[in-house]
Amino acid sequence: MRAYGQFCPIARSSELLAERWTPIIVRNLLNGCRTFNEIRQGAPGISTALLTQRLDLLERHGVLRRTVEGRGVTYELTEMGQALRAVLDAMGQWGAHWLEIEPHHLDPAYVLWATMKLVDLDRIPEGTTTVRFDLRDRPADTHWMILRRPQPELCTRPSGYDEDLVCRSDSAALVDLHLKRLSYPAAIRTGRVELIGPPGLTRQFRTWFRTSPFADFAR
């Protein structure tokens, strides 16, 4: 870890938090990720070795705690780590207001992960509902979202459940929906989103997802 040699709290915080991927890992933990694979799924592109290194660093500094139960390992933020919520919220609000979304920001794997994190558990149907997502900007890949309580799941392989709905769209359209730059009726009308399935489910689909907490700050 590089040091600035300055007692300034901003410099000391940056030594820990300004490392590549570290804010993303903390964001994922704040969003409910608890296992290594859950954290990595919300950070497409990070290597296993680097994620291990960053988790070890955060643990050594008291930001998170690691719990071993049998063969399983879980991670959770300490009080020190939870205090970073205000920091990341401020970063998100600033970024939403001042920074443009460019094509290289639209990683389909992350967009679908973010979509899953916006599921409103109070509005999804009882039991298990499976939605297949076909993204036009990643036609070779298929994702399945398993909607159920208490935790929805995103899969890249068939889950064994029957598909209840198919959503055909693209990453840019989903982002526009998250940020309230596009409404579901407009998305359906213009063909940016196509839903295939029983009419009851296609009508309900738009109610299953919240908008981004940073939508009101986006330009």
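Details of the structure are given in the entry above.
Since we're looking at a predicted model, the values are computed, not measured.

A.B. asks: Lay out the environment of Arg 148 with the relevant residues and their values.
C.D. replies: Mapped onto the elements of the fold, Arg 148 is located in the loop between strand S4 (142-147) and strand S5 (153-155). Arg 148 sits 13 residues away from Tyr 161 along the chain, and the two C-alpha atoms are 12 Å apart. In this view, Arg 148 contacts Leu 121, Ile 124, Gly 127, Thr 128, Glu 153 and Tyr 161; residues no more than four positions away in its chain are not counted. A polar contact of 2.9 Å, which involves the side chain of Arg 148, links it to the side chain of Tyr 161.

A.B. asks: Break down the packing of helix H2 (residues 22-30) against helix H4 (residues 48-60) for me, citing the residues and quoting the values.
C.D. replies: Closest axis-to-axis distance for the H2/H4 pair is 10 Å, and the angle between their directions is 75°. Taken together, the axes of H2 and H4 lie roughly perpendicular to each other. Side by side, H2 and H4 meet where Thr 22, Ile 25 and Val 26 of the first sit next to Leu 51, Arg 54, Leu 55 and Leu 58 of the second. The class makeup of the residues in the contact of H2 with H4 is five nonpolar, one polar and one charged.

A.B. asks: A description of the nonpolar core should follow, citing residues and the corresponding values.
C.D. replies: Counting residues in each nonpolar core, the largest one holds 49 residues, and the members touching the most others are Ile 25, Ile 39, Leu 55, Val 131, Met 145, Phe 205 and Trp 208. Met 145 has contacts with Leu 112, Thr 115, Met 116, Val 119, Thr 129, Thr 130, Val 131, Phe 133, Glu 153, Leu 154 and Phe 209, leaving out every residue within four places of it along the chain.

A.B. asks: Quick rundown of the layout of surface pockets? Include the residues and the values.
C.D. replies: The space that makes up the largest pocket amounts to roughly 1800 Å³. Looking at the largest pocket, it is lined by 41 residues, and the ones nearest its centre are Ile 24, Arg 27, Gly 92, Tyr 110 and Phe 214. Looking at the lining of the largest pocket, the elements that each hand over two or more residues are H2, helix H6 (85-98), helix H7 (108-117) and helix H8 (171-178). Broken down by element, the lining of the largest pocket gets its largest block of residues, seven residues, from H6. Class assignment of the residues belonging to the lining of the largest pocket gives a composition of 22 nonpolar, nine polar and ten charged.

A.B. asks: Describe the sheet that holds strand S3 (residues 129-135), and please don't skip the residues or the numbers.
C.D. replies: In space, the five strands of this open sheet follow the order S5-S4-S3-S6-S7, with mixed pairing throughout. The open sheet has two edge strands, S5 and strand S7 (194-196), and neither has a second partner. On average, each strand axis in the sheet is inclined to that of its neighbour by 20°, with strand direction left out of account. Summarising the sheet, S3 and S4 pair through six bridges and their orientation is antiparallel. Looking at the pairing, Asp 134 lines up with Thr 142 of S4.

Conventions we followed
- Residues numbered from 1 in each chain as written.
- Predicted model: local features only at pLDDT ≥ 70, side-chain atom pairs only at ≥ 80, totals over all residues.
- Heavy atoms only, no water.
- Helix = DSSP H or I, 4+ residues; strand = E, 2+ residues; numbered from the N terminus.
- Contact = heavy atoms within 4.5 Å.
- Polar contact = N/O pair within 3.5 Å; in protein donor to acceptor, adjacent residues only side chain to side chain.
- Axes fitted to C-alpha atoms, helices over the stretch in contact; angles between N-to-C directions.
- Parallel < 35°, antiparallel > 145°, perpendicular 65-115°, else oblique.
- Nonpolar A, V, L, I, M, F, W, Y, C, P; charged D, E, K, R; others polar.
- Core = buried A, V, L, I, M, F, W, Y, C linked by side-chain atoms within 4.5 Å.
- Buried < 20%, exposed > 50% of the residue type's maximum accessible area, 1.4 Å probe, protein only.
- 1 Å grid on protein atoms, 1.4 Å probe; cavity = no way out; pocket = protein on both sides within 12 Å on 5 of 7 lines; lining within 4 Å.
- Points joined across faces, edges and corners; volume = space filled by probe spheres on them.
- Pairing = 2+ DSSP bridges.

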